[in-house]
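# A closer look at the structure
The chain contents come next:
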Amino acid sequence: MKIAFASSEVFPYAKTGGLGDVAGSLPIELSRLGHDVKVFMPKYNTFGEAEFGLHYNWDIGEIPVRIDGQVRMVHVHTATMPDSNVQIYFVDCPHYFHRFRVYTNDHDEDERFILFSKGIIEILQRLQWAPDIIHCNDWQTGLLPILLKENYSWDRMFDKTSTVLTMHNIAYQGRFAKSAFHKAEIKEEHSGANGIGEYEGDVNFLKTGILTSDVINTVSETYEKELMTAEYGNGMEPFLAARFNDFYGILNGVDYSVWNPETDKLIPYNYSISDLSGKEKNKKFLLERLELPYNENLPLIGIISRLVDQKGFDIVAYGINQLLDIEAQWVILGSGEEKYESLFYEAGKRFPEKVSTYLGYNNELSHLIEAGADIFLMPSKFEPCGLNQIYSLKYGTVPVVRKTGGLADTVQDWNEYLARGSETGNGFSFNDHSAFAMVHSVKRSLIDFHNKPTWLKIQRNGMNKDYSWRKSAEKYTALYEKAVVKRTGR
Ligand code: ADP
Ligand code: GLC
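Residues numbered from 1 in each chain as written. Chains lettered and ligands numbered in written order. Predicted model: local features only at pLDDT ≥ 70, side-chain atom pairs only at ≥ 80, totals over all residues. Heavy atoms only, no water.

## With respect to the overall build of the chain
Put simply, the test is: Under the scheme used here, helices are H or I runs from DSSP no shorter than 4 residues and strands are E runs no shorter than 2 residues, and both carry numbers assigned from the N terminus. Each residue gets one of three labels from its accessible area relative to the maximum for its type: buried under 20%, exposed over 50%, partly exposed in between, using a 1.4 Å probe on protein chains only. It only takes one pair of heavy atoms within 4.5 Å for two residues to be counted as in contact. Reported accessibility uses the Shrake-Rupley method at a 1.4 Å probe radius. Residues are deemed covered only where the shown protein chains occlude them. None of His or the chain ends enter the tally, which takes Lys and Arg as positive and Asp and Glu as negative. To locate a charge, the coordinates of NZ of Lys, CZ of Arg, CG of Asp or CD of Glu are taken.
Looking only at helices and strands, the chain has 20 helices and 19 strands in total. Per-residue burial over the chain gives 60% buried out of 490 residues. Within the chain, contacts between residues at least 6 apart in sequence are counted, and of these 72% link residues at least 24 apart. Total accessible area on the chain is roughly 19,400 Å²; 49% of this is exposed by carbon and sulfur atoms. In the chain, the 52 positive side-chain charges and the 65 negative ones have mean positions that sit 3 Å from each other.

## Some points on the site of ligand 2
The criterion, for reference: Being near a molecule or strand, for a residue, comes down to having at least one heavy atom within 4 Å of it. Under the rule applied, a polar contact is a pair of N or O atoms within 3.5 Å (in protein, one hydrogen donor and one hydrogen acceptor; residues adjacent in sequence only if both atoms are side-chain atoms). Amino acids are sorted into nonpolar (Ala, Val, Leu, Ile, Met, Phe, Trp, Tyr, Cys and Pro), charged (Asp, Glu, Lys and Arg) and polar (every other residue, Gly among them). Note that domain bounds follow an automatic or database assignment of domains.
H168, N252, E383, C385 and G386 are the nearest of the 14 residues found near ligand 2. Within the side chain of E383, one N or O atom sits 2.4 Å away from an oxygen atom of ligand 2. For ligand 2, the accessible surface in isolation is 310 Å², of which the surrounding protein chains cover 93%. Top contributing element to the shell around ligand 2 by residue count: helix 1 (residues 18-32), with three residues. Considering only residue class, the shell around ligand 2 consists of six nonpolar, six polar and two charged. Both domains that furnish three or more residues to the shell around ligand 2 are identified here as domain 1 (2-253 + 470-488) and domain 2 (277-466).

## With respect to the sheet that holds strand 17 (residues 375-378)
Going by this rule: Any two strands with at least two DSSP bridges between them are considered paired. In this description, a line fitted to the C-alpha atoms serves as the axis of each element, helices being fitted only across the stretch in contact, and the angle between N-to-C directions of two axes falls anywhere from 0 to 180 degrees.
Spatial ordering of the open sheet is given by 16-15-14-17-18-19, a layout of six strands whose pairing is parallel. The open sheet is flanked by strand 16 (355-359) and strand 19 (428-430), the only strands paired with a single partner. With strand direction ignored, the average angle separating the axes of adjacent strands in the sheet is 15°. For strand 18 (residues 398-402) and strand 19, the ladder comprises three bridges, and the chain directions are parallel. Directly across from V401, in strand 19, lies its bridge partner S429. Seen against the sheet, helix 10 (residues 277-290) touches strand 14 (300-307), strand 15 (329-336) and strand 16 and runs at an angle of roughly 65° to strand 14. Its contacts with the sheet put helix 18 (residues 435-449) on strand 14, strand 17, strand 18 and strand 19, and the angle it makes with strand 19 is roughly 160°.

## Things to note about unusual backbone geometry
Of note, the bond from F11 into P12 is cis; its omega dihedral lies within 30 degrees of zero at 10°. Among the structural elements, P12 can be located in the loop between strand 1 (2-6) and helix 1. A positive phi angle is found at D68, which is not glycine, with a value near 55°. One non-glycine residue, N234, lies in positive phi territory at about 50°. Inspection of the secondary structure assignment puts N234 in the loop between helix 8 (230-233) and helix 9 (237-242).

## Observations regarding the domain arrangement of the chain
Put simply, an interface is often sized by how much accessible area is lost when its parts join up. Basically, it comes down to this: Defined in terms of a 1.4 Å probe, buried area is the accessible area two parts forfeit on being brought together, summed over both. Any Lys or Arg side-chain nitrogen found within 4 Å of a carboxyl oxygen on Asp or Glu counts as a salt bridge.
By the assigned domains, the chain splits into domain 1 (2-253 + 470-488) and domain 2 (277-466). Each of domain 1 and domain 2 has a C-alpha centre, and these two points are 33 Å apart. In this assembly, 20 residues from domain 1 lie in contact with 20 residues from domain 2. Of the roughly 1,400 Å² buried at the junction of domain 1 and domain 2 (both faces included), carbon and sulfur atoms supply 54%. Together, T222, Y232 and L251 form the three largest contributors to the area buried by domain 1 at its contact with domain 2, with a combined 25%. Counting across the domain 1 and domain 2 interface gives zero salt bridges. On inspection of domain 1 and its partner domain 2, the count reaches nine residue pairs in polar contact (both at pLDDT 80 or more). Looking at which element gives the most residues to the side of domain 1 that touches domain 2, the answer is helix 7 (residues 221-227), with four residues. Each residue belonging to the side of domain 1 that touches domain 2 can be placed in one class, and the counts come to seven nonpolar, eight polar and five charged.

## Details of the site of ligand 1
The local shell around ligand 1 holds 21 residues, among which G18, D21, R306, K311 and G360 are the closest. In the model, an oxygen atom of ligand 1 is placed 2.6 Å from a nitrogen or oxygen of the D21 side chain. Here an oxygen atom of ligand 1 and a side-chain polar atom of N388 are 3.4 Å apart. Protein contact buries 93% of the 560 Å² of open area that ligand 1 shows by itself. If one sorts the elements of the shell around ligand 1 by residue count, strand 14 sits on top with three residues. Residue composition of the shell around ligand 1, by class: six nonpolar, 10 polar and five charged. Shared between two domains, the shell around ligand 1 takes at least three residues from each, and those domains are domain 1 (2-253 + 470-488) and domain 2 (277-466).

## Side note on the confidence of the model for the chain
Rules: You can read pLDDT as the predictor saying how much it trusts each residue, on a scale of 0 to 100.
Per-residue confidence for the chain averages 97 on the pLDDT scale, and 100% of its residues sit at or above 70. Considering each helix and strand of the chain separately, the mean pLDDT is smallest for helix 17 (residues 414-419), with a value of 92, and largest for strand 1, with 99.

## What to know about the packing of helix 18 against helix 19 (residues 452-463)
Remark: helix 18 packs on helix 19, axes separated minimally by 7 Å, with the N-to-C direction vectors making an angle of 115°. Contact with helix 18, carried on its side by S445, D448 and F449, involves K452, T454, W455 and I458 of helix 19 and no other residues of that element. Broken down by class, the residue content of the contact of helix 18 with helix 19 amounts to three nonpolar, two polar and two charged.

## Observations regarding the pairing of strand 6 (residues 87-92)
A regular strand places its side chains so that they alternate between the two faces of the sheet. The buried count for strand 6 comes to five of six residues, which makes it a mostly enclosed element. Where strand 5 (residues 70-80) lies against strand 6, six bridges are found, and the strand directions are antiparallel. Counted as the bridge partner of T78 is Y89 from strand 6. The antiparallel hairpin formed by strand 5 and strand 6 contains six residues in its connecting segment, where D83 sits at a positive phi of about 50°.

## Quick look at the pattern of salt bridges
Considering all chains together, one arrives at 28 salt bridges under this definition. Between E122 and R126 there is a salt bridge; the shortest N-O distance is 3.0 Å. Of this pair, E122 and R126 both sit in helix 3 (residues 109-127), four residues apart, roughly one helical turn. By relative accessible area, which is 36% here, R126 ends up partly exposed. Two residues, D246 and K486, come together in a salt bridge whose shortest N-O distance is 3.2 Å.

Listed below in structure tokens is the structure:
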């Protein structure tokens, strides 16, 4: 199949979270399965052209794209994605994308991604490449399906092109004033009361995508079920219910060419399931680097995260004193809301021997923490999939997680599984979104940490798990086939 994959972030060019990881690896796996894949992302000024081998595409040249009655010129750059022959197309429009960051709160955030969506369609036209599937991701490309079906319906080239929308996080919906549809030149009726795009008096890009894509999915089976409830659906649950027959859950895979302790180039000591001695050396190295004392018997607990409510830091804040009372050391890497940044910054100040906080984004340190920590804490309030717990499993870093979304689908509680008569648990989990439940689970994990044979068993159970993309990419292929049937009837 011919697949155009559209994402506002793609690793290694730009990444603010898991979407970047997914967009940087799923298309490559799809191409390994034999599909013809092209990836599209905006050309931000946050990464170097030379470093990633971008070329200006002279064949396409300049493309006029109209937004709000004004014509903006779009140019195209291309590159080959790492370890693959997948071509990535960068939609270049400095007016919108030279802002030194991927997402902004600027007044024209809607315009930035309207331009991106229109730009993709226009580039496909210039290439005369009619995809079977345009795979959209999150609200940033939520308008693409309706633009394709209405604004560009005159172009018969797209008659057989189906659209898929993957929702990576329902909390981000792209809500803007109604003028956004006017700017996009989407029909007035769609932003009116009960219109496809209207939501609580605004327009909502994600809702529009939910109602106009041929099929929709999210990134784990448990999150798919959760999304049908008012607690998790964030107001989208009635529209998801309307699409029930076309709505699926597919767990993300991970890229083990980037995240594998046997081959990881960003850690000083590689190690494997049969010999974990390198892990202990990484711990020592990491602690030295963080200027924390090393003690083999003191567990090191890691956190790598966007510091936002979604990730459950409200219960961490509530239980911070109990957590810091525990006989353990902590390393926190993250950035986000100020209240959480100062929570961890203060903890580091109060306990300089115990807590190391790095506020900011640091890819290398994230690998080191995965390799050097004993335990990984992820107490998310909701978690569509979550990648860090999957990386942790591979690195023998035992995850302690709240049982929600993709965390519930990937982490099996050691004690619970033991009680069921099997030793297949690979982590620790809790149900209640409460500080008490979280602290209790961290304490449970520490009991087993001090029992070395048991701990090794738990680590190995995790390291044995295979969450590579192959299986998930095959499920996406089946999803694409459903989308084609929806669109063409066969
Ligand atoms: P989300 O997409 O909700 O942030 P995921 O677990 O799916 O959560 O993915 C997060 C990704 O971002 C992981 O690859 C993680 O290592 C990375 N990450 C998050 N915060 C940081 C940070 N401060 N520095 C480096 N990497 C980070
Ligand atoms: C979102 C979710 C995260 C998921 C990622 C990739 O950012 O918060 O759970 O892993 O997308 O799908």
